[in-house]
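# Structural overview
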Amino acid sequence: MPVPTPMAPSAVVRALRAAGCVFAEDEAELILATARTPEEAAGMVDRRAAGLPLEQVLGWARFHGLRIAVEPGVFVPRRRTEFLAGQALAAASDATVVVDLCCGSGALGAALAHALPGAEVHAADIDPAAVRCARRNLAPFGGRAHQGDLYAALPPGLRGRVDLLTANVPYVPTAEVALLPAEARDHEPLIALDGGADGLDVLRRVAAGASEWLAPGGSLLTETSERQAPAAARVLADAGLTTRLAVDEDLYAHVVIGVRPAPAREETAR
């Protein structure tokens, strides 16, 4: 029986470049390192050339030092969201109860669980495919993923106990979804992209329930765009949170941070 001939790296690069892949050499290296057989490599090249996101072709994405499983039809974690993970850890380095809403693949929740050993970590998403993927990524760290609409998915016992709440909500305005790159527009779920008329619909719902679920002094962090950042900050402030903005110019990342104020201590009676 003839032994299959491995695909030549140069042939993979040519095929990817012809399909318009800007980083064809890097992508070819990743595909050939991931594929277990020449046939699998050829299939991966074909899917990538057809426009499937590289991470969905590979079946994984690198995020915050972890290899995150990514299934077809699930939102692909962005590199800029690593800034959100870093800001979350800086805001609550001693968090013992962590929740990640709109978790997608569970990349953010997994990164937080990895960095906070011993913390109780929960993730939630309304999309069954995302929850299935998140469970796979959270399992090595003892985290749990729940299916449902925002807070409704969470165990009721978490109410008022959450030290760290992240929510990488969809924030693309509805009218701008059609302007997204084809990789996102055609291969990622609309529910993970469309944030409503101004891109802030889901954030408003997250902010409205934050004070009920956060522990006193607990932090809510969310990613947004530069243009939307001032309005996103007002949404959190209107919900009673003390708000600030963090920016990483290199990653073009903008994170709004809101803290539930701790109750003022009553003066000791003289």
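Residues numbered from 1 in each chain as written. Predicted model: local features only at pLDDT ≥ 70, side-chain atom pairs only at ≥ 80, totals over all residues. Heavy atoms only, no water.

## Here's the deal with the overall build of the protein
Looking only at helices and strands, one finds 10 helices and 9 strands in the protein. Dimensions along the principal axes, computed over C-alpha positions, put the protein at roughly 90 × 40 × 30 Å. Here the protein holds 270 residues, and 49% of them are scored as buried. Sequence-distant contacts in the protein: of pairs separated by 6 or more residues, those separated by 24 or more amount to 62%. Averaging the coordinates of the 25 positive side-chain charges in the protein and doing the same for the 33 negative ones gives two points 3 Å apart. (Helix = DSSP H or I, 4+ residues; strand = E, 2+ residues; numbered from the N terminus. Buried < 20%, exposed > 50% of the residue type's maximum accessible area, 1.4 Å probe, protein only. Contact = heavy atoms within 4.5 Å. Lys, Arg positive; Asp, Glu negative; His and termini not counted. Charge placed at Lys NZ, Arg CZ, Asp CG, Glu CD.)

## A closer look at the packing of helix α5 (residues 81–91) against helix α6 (residues 107–115)
Axis separation between α5 and α6 bottoms out at 10 Å; the angle between their running directions is 35°. The two elements α5 and α6 meet at a crossing, and its hand is right-handed. Contact residues: α5 offers T81, L84, A85, A88 and L89, while α6 offers L108, L112 and A115. Considering only residue class, the contact of α5 with α6 consists of 7 nonpolar, 1 polar and no charged. (Axes fitted to C-alpha atoms, helices over the stretch in contact; angles between N-to-C directions. Left-handed = near helix turned anticlockwise from the far one by under 90°. Nonpolar A, V, L, I, M, F, W, Y, C, P; charged D, E, K, R; others polar.)

## Structural notes on the nonpolar core
Formed by 32 residues in total, the largest nonpolar core has its most connected members in V98, L112, L116, L164 and L221. At the level of elements, β2 (66–69), α5, α6, β4 (120–125), α7 (128–138) and β9 (253–259) are the ones that each hand at least two residues to this core. When residues of this core are assigned to their parent elements, the largest contribution, 6 residues, is made by α6. Residues within four places of L164 in sequence aside, it is in contact with A88, A92, A95, V97, V98, V99, L112, L116, S219 and L221. Core analysis: the next-biggest nonpolar cluster, separate from the first, contains 28 residues, V97, L150, L154 and L200 among them. (Core = buried A, V, L, I, M, F, W, Y, C linked by side-chain atoms within 4.5 Å.)

## Topic: the state of the cysteines
If you walk through the whole model with that rule in mind, you get 0 disulfides. Lacking any disulfide linkage, C102 is separated from the closest cysteine sulfur, that of C103, by 8.2 Å. (Disulfide = S-S within 2.5 Å.)

## Structural notes on the pairing of strand β7 (residues 214–224)
Most of β7 sits inside the fold, with 9 of its 11 residues counted as buried. Relative to β7, strand β6 (residues 162–167) is paired through 4 bridges, and the arrangement is parallel. Within the sheet, the bridge partner assigned to L164 lies in β7 and is S219. The pairing of β7 with β9 spans 6 bridges and is antiparallel. Opposite T224, over in β9, you have H254 as the bridge partner. (Pairing = 2+ DSSP bridges.)

## Some details on the pairing of β2
The sheet contact formed by strand β1 (residues 60–63) and β2 spans 4 bridges and is antiparallel. When the sheet's bridge partners are listed, F63 is paired in β2 with L66. Count of turn residues in the β1/β2 antiparallel hairpin: 2 residues, of which H64 carries a positive phi of about 50°.

## Comments concerning the environment of N137
Along the chain, the position of N137 falls in helix α7. Note: C-alpha distance between N137 and A175 (38 residues apart in sequence) is 33 Å. Residues within four places of N137 in sequence aside, it is in contact with R67, I68, A69, S105 and A110.

## Structural notes on the sheet that holds strand β3 (residues 97–101)
As summarised here, the arrangement of the 7 strands in space is β5-β4-β3-β6-β7-β9-β8, forming an open sheet in which the pairing is mixed. What marks the edges here is a single partner per strand, and that holds for β5 (144–147) and β8 (242–248). Ignoring which end each strand starts from, the neighbouring axes of this sheet average 20° apart. Two strands pair when backbone bridges link them, and β3 and β4 are joined in this way by 5 bridges, in the parallel orientation. Bridge assignment links D100 to a residue of β4, and that residue is A123. Along the sheet face, helix α10 (residues 229–238) touches β7, β8 and β9 and points at about 15° away from the line of β9.

## Describing the environment of E40
Counting through the fold element by element, E40 comes out in helix α3 (residues 38–49). Residue classification places E40 among the partly exposed positions, given a relative accessible area of 25%. Looking at E40, its side chain comes within polar contact range of the main-chain nitrogen of R36, at 2.7 Å. (Polar contact = N/O pair within 3.5 Å; in protein donor to acceptor, adjacent residues only side chain to side chain.)

## Topic: the pattern of salt bridges
A full pass over the atoms with the stated rule returns 14 salt bridges. Between E25 and R17 there is a salt bridge; the shortest N-O distance is 2.1 Å. Of the residues examined, R17 reaches a relative accessible area of 46% and is grouped as partly exposed. We note a salt bridge from R185 to D186, for which the minimum N-O separation is 3.6 Å. (Salt bridge = Lys/Arg side-chain N within 4 Å of Asp/Glu carboxyl O.)

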